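Coordinate inspection notes
This is what each chain is made of:
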Amino acid sequence: MKGSFNRNAALLLTAGVIVLPMVLPWNMATEILIYAIVAVAANLLLGYSGLLSFGQASFFGFGGYSAGYLLAHYHLPLILPLLVGALAGGFVAAVVGALCIRRTGIYFIMLTFAFNQMFYYLAYQLRTVTGGEDGMTGITRPAIHLPLLPEISLNSDLNFYILIAVIFAVCFAIMFRVVESPFGKIVIAARDNARRAASIGYNVQRAQILMFVISGTITGLAGAIYSMLYWIMPIDSIHWLNSGNIVFMVLIGGTSSPFGPVLGAAIFIWLQDLLSIFWARSLLLFGAVVVAVVLFLQGGVIELFRRAATYLQRRRALVAEAR
Amino acid sequence: MNSSLILAQLLNGIAIGMLYALLAFGLSIIKGLLNIPNFAHGALFACGAYILYSVVQGTGSFWLGILAAALAVGLLGMFIERVAVRRVYGSAYLFQLLLLFGVALMLQEVIIIIWGGVGKSVSPPAYLVGAFNLGVTIYPKYLLFTTLASAVIISGIWLIIEKTRYGAIIRAGIEKKEMVSALGINVDLLFTCAFGLGAGLAAMAGALAVPLVGVTPSMGLDMLAISFVVVVLGGLGSLYGAILAGLIIGVIQSLAALWFPAASTVVIYVVMALILAVRPQGLLGER
């Protein structure tokens with residue numbers, strides 16, 4: 001079931017990307033796509049590799065800050081800051097992954113968490129570069145120059161959304177390919193039984209670090225485009241609470257399908273917006289939702305769909321039998 | 001660098017390190033017995049601090065405040081274990097950490113609802129205000145009190161764990177839960193009590209920290225990261241490694257504030273990375 005590509009699901013996803021900005025405000029729709037990239041990348045580690053990374057916000061933040069710095073201070077073609085953001089995310093992931101990989105279970109979680117906190121303090125202290133508590137401001141959205149086409153301005157909500165949608169599609173396809181590749185199978189095998197995978201002759205730790213780098217690179221890229229969304233890179237985006245949010249997106253969507261985290265990101269962004277309208281202390285409600293999901297819906301929302309599908313199938317079979 | 005200043009920071013670091021040790025000892029007990037990542041540990045620390053604040057405001061008694069913090073948060077921990085944590089023992093770590101992450105968010109928001117979002121401060125009891133003059137440097141009385149109180153509490157728990165029947169059950173539970181349960185011991189109750197004990201230790205650390213750092217709703221967030229660093233450094237499966245690591249981290253943090261004041265928050269993580277690169281199993285880790 002894991003990773004099997006469902007054509008209907010892919011069509012549904014495409015339809016979702018098109019419909020999203022029609023029913024939600026532009027910013028919210030764009031943010032959902034960005035966090036969908038982040039959540040799918042997190043699922044590469046949490047779901048497929050069984051590596052319980054609680055530090056995804058460090059890759060996101062590092063990518064966002066490095067791209068944001070270039071976007072705020074230099075006039076470069078768009079591709080460069082995005083590339084630098086992705087590389088920065090991948091670099092941090094390589095360092096964190098290599099240092100944490102020798103531990104397993106709870107210690108692994110604690111370590112990724114502790115490093116996340118270190119990068120947060122780093123961003124907090126390097127005020128001159130990152131803007132500290134106020135966030136990094138003055139970030140621009142450079143126009144895109146393609147041959148034979150007029151200049152495309154990203155200051156239009158529609159154009160920016162289309163760019164993010166294209167990046168989302170490319171990232172999703174890459175990650176899907178990674179999971180289906182022989183390399184992906186090694187990582188999945190190592191999750192299920194690390195010792196056996198190693199004894200067959202695979203270098204498990206190297207494969208896992210590589211997976212960290214892939215996840216970190218894509219998360220860094222997502223951070224880079226996030227810095228352009230609101231023209232600011234807020235310090236909250238590198239805080240460990242954001243790592244917690246990312247883990248929550250993956251789990252509420254469901255880890256058992258590549259589409260689960262996408263759904264999870266959409267639900268999270270929508271829920272956060274909804275709850276904050278209700279009450280200034282919306283985090284209390286959010287915490288309660290987190291607890292409720294863990295206690296009652298461990299398969300995530302995608303599990304609900306599956307339950308409904310099995311129920312319908314059974315009913316259809318019963319009806320057919322009755323005839 | 002002035003040597004009296006270094007000595008002052010060293011003493012300061014020992015006091016803070018003892019608080020870290022107390023906090024991480026609680027986390028270590030929960031990790032050892034229940035094998036769950038307690039992401040609510042920082043929030044329980046903050047709860048302890050706020051309860052002390054309220055009791056001191058209401059009754060003026062600092063001692064009563066510490067006692068009330070330990071008892072109330074201990075009970076709160078037992079309640080959390082009973083209604084929520086218990087139900088995810090069979091689940092993956094990911095669900096356990098998310099559950100406690102949710103609990104931590106709720107606790108932090110409840111604190112803001114009850115006590116407001118603005119930080120507050122409490123001064124130590126009158127007989128602990130002031131400082132000893134050691135000749136080369138002055139030593140604030142409250143720092144000495146924090147160090148001694150933490151040491152007494154840790155020693156007390158150590159005695160219970162190493163020398164009493166209940167402690168034997170706890171140690172056996174860490175070693176092999178199934179066997180303990182087969183011997184007719186109520187493991188469910190043991191787990192509830194262990195979570196309560198861990199929460200109570202966090203609360204006492206929080207209460208003792210109040211005269212030093214005051215109370216703010218987000219105080220638990222920073223402490224959570226530090227307690228994780230301390231437990232990881234302490235070592236795999238080591239109950240007491242956390243105490244040694246706590247002291248080391250406290251001292252390093254205080255001394256770093258002398259030479260690199262801007263980086264003192266980052267330094268402990270760098271130290272953690274360096275130690276783990278050399279000794280992946282932690283200071284007192286077995287493997």
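Quick caveat: nothing in here was measured; it's all calculated off a predicted structure.

Points about the overall build of chain A
Within chain A, the regular secondary structure consists of 14 helices and zero strands. Across chain A, helices and strands are ordered from the amino to the carboxyl terminus as α-α-α-α-α-α-α-α-α-α-α-α-α-α. Relative to the 2.2 N^0.38 estimate, which gives 20 Å for 323 residues, the radius of gyration of chain A is 20 Å and therefore close to what a compact globule would have. C-alpha atoms of chain A, sized along the principal axes, occupy 70 × 50 × 50 Å. Within chain A, buried positions represent 48% of all 323 residues. The contacts of chain A with a sequence gap of at least 6 include a subset with a gap of at least 24, amounting to 75%.

A short note on the overall build of chain B
Of the regular secondary structure elements, chain B holds eleven helices and two strands. What you see in chain B, going N to C, is helices and strands ordered as α-α-α-α-β-β-α-α-α-α-α-α-α. On C-alpha atoms alone, chain B measures out to a radius of gyration of 19 Å, which is about the 19 Å that the 2.2 N^0.38 rule sets for 287 residues. Counting the 287 residues in chain B, one finds 53% classified as buried. Excluding contacts between residues fewer than 6 apart, the proportion of contacts in chain B whose partners are at least 24 apart in sequence is 77%.

Quick notes on the environment of A:L146
With respect to the helices and strands, A:L146 occurs in the loop between α6 (127–130) and α7 (157–180). It is 25 Å that separates the C-alpha atoms of A:L146 and A:A29, two residues lying 117 residues apart in sequence.

Here's the deal with the environment of B:A46
All names here are of chain B. Here A46 lies in helix α2 (residues 41–59). The sequence separation of A46 and V232 amounts to 186 residues, and the corresponding C-alpha distance is 21 Å. Discounting chain neighbours no more than four positions away, the residues touching A46 are Q108, I111, G206, P217, M219 and G220.

Looking at the confidence of the model for chain B
Averaged over all residues, the pLDDT of chain B equals 89, while 99% of them reach at least 70. The complex prediction reports pTM at 0.88, with the ipTM value standing at 0.85.

Observations concerning the interface of chain B and chain A
With 38 residues of chain B at the interface, the matching set in chain A holds 34 residues. In terms of residue count, the dominant contributor to the side of chain B that touches chain A is helix α4 (residues 93–115) of chain B (15 residues). When its residues are assigned to classes, the side of chain B that touches chain A shows 31 nonpolar, four polar and three charged.

Points about α2(B)
Residues and elements named next belong to chain B. Over its 19 residues, α2 runs 27 Å from end to end, which matches the ideal 27 Å to within 8%, given 1.5 Å per residue. Burial of α2 is extensive: 15 of the 19 residues sit out of reach of the surface. G60 sits one or two positions beyond α2 and adopts a positive phi of about 80 degrees.

A short note on the nonpolar core
Ranked by internal contacts, the top residues of the largest apolar core, which has 206 residues, are A:A114 and B:V229. In terms of residue count, the dominant contributor to this core is helix α1 (residues 3–34) of chain B (17 residues). Setting aside anything within four residues of it in sequence, one finds B:V229 in contact with A:A114, B:I249, B:I268, B:Y269 and B:M272.

Topic: the packing of helix α5 (residues 105–125) of chain A against helix α11 (residues 264–278) of chain B
Where α5(A) contacts α11(B), the axes come no closer than 9 Å and their chain directions differ by 145 degrees. Relative to α11(B), α5(A) is oriented so that their crossing is left-handed. In this structure, α5(A) uses A:A114, A:F115, A:Q117, A:M118, A:Y121, A:L122 and A:Q125 to contact α11(B), whose residues at the interface are B:T265, B:V266, B:Y269 and B:M272. Residues of the contact of α5(A) with α11(B), tallied by class, amount to eight nonpolar, three polar and no charged.

As for the packing of α7(A) against helix α10 (residues 204–229) of chain A
Residues and elements named next belong to chain A. Packing of α7 against α10 brings their axes to within 12 Å, and their N-to-C directions diverge by 175 degrees. With respect to α10, the element α7 is oriented roughly antiparallel. For the pair α7 and α10, contact is made by I164, I167, C171, M175 and V178 and by I214, I218 and I225, respectively.

What about helix α12 (residues 260–278) of chain A?
All names here are of chain A. The end-to-end C-alpha separation of α12 is 27 Å, in line with the 27 Å expected for 19 residues at 1.5 Å each. Of the residues making up α12, those classed as buried are G260, P261, V262, L263, G264, A265, A266, F268 and I269. Its buried side turned inward, α12 meets α1 (7–23), α2 (26–49), α11 (240–253) and α14 (301–322).

What about unusual backbone geometry?
If you check the backbone angles, A:W231 has positive phi at about 60 degrees while not being a glycine. With respect to the helices, strands and loops of the structure, A:W231 is situated in the loop between α10 and α11. Here A:W231 falls in the partly exposed class, since 16 other C-beta atoms lie within 10 Å of it. Even without being glycine, B:N35 reaches a positive phi, approximately 55 degrees. Inspection of the secondary structure assignment puts B:N35 in the loop between α1 and α2.

Reading guide: rules and limits
Residues numbered from 1 in each chain as written. Chains lettered and ligands numbered in written order. Predicted model: local features only at pLDDT ≥ 70, side-chain atom pairs only at ≥ 80, totals over all residues. Helix = DSSP H or I, 4+ residues; strand = E, 2+ residues; numbered from the N terminus. Rg over C-alpha atoms; globule rule 2.2 N^0.38 Å. Buried ≥ 20, exposed ≤ 12 C-beta atoms within 10 Å, placed from the backbone. Contact = placed C-beta atoms within 7 Å. pLDDT = per-residue confidence, 0-100. Nonpolar A, V, L, I, M, F, W, Y, C, P; charged D, E, K, R; others polar. Expected span 1.5 Å × (residues − 1). Core = buried A, V, L, I, M, F, W, Y, C linked by C-beta atoms within 7 Å. Axes fitted to C-alpha atoms, helices over the stretch in contact; angles between N-to-C directions. Left-handed = near helix turned anticlockwise from the far one by under 90°. Parallel < 35°, antiparallel > 145°, perpendicular 65-115°, else oblique.

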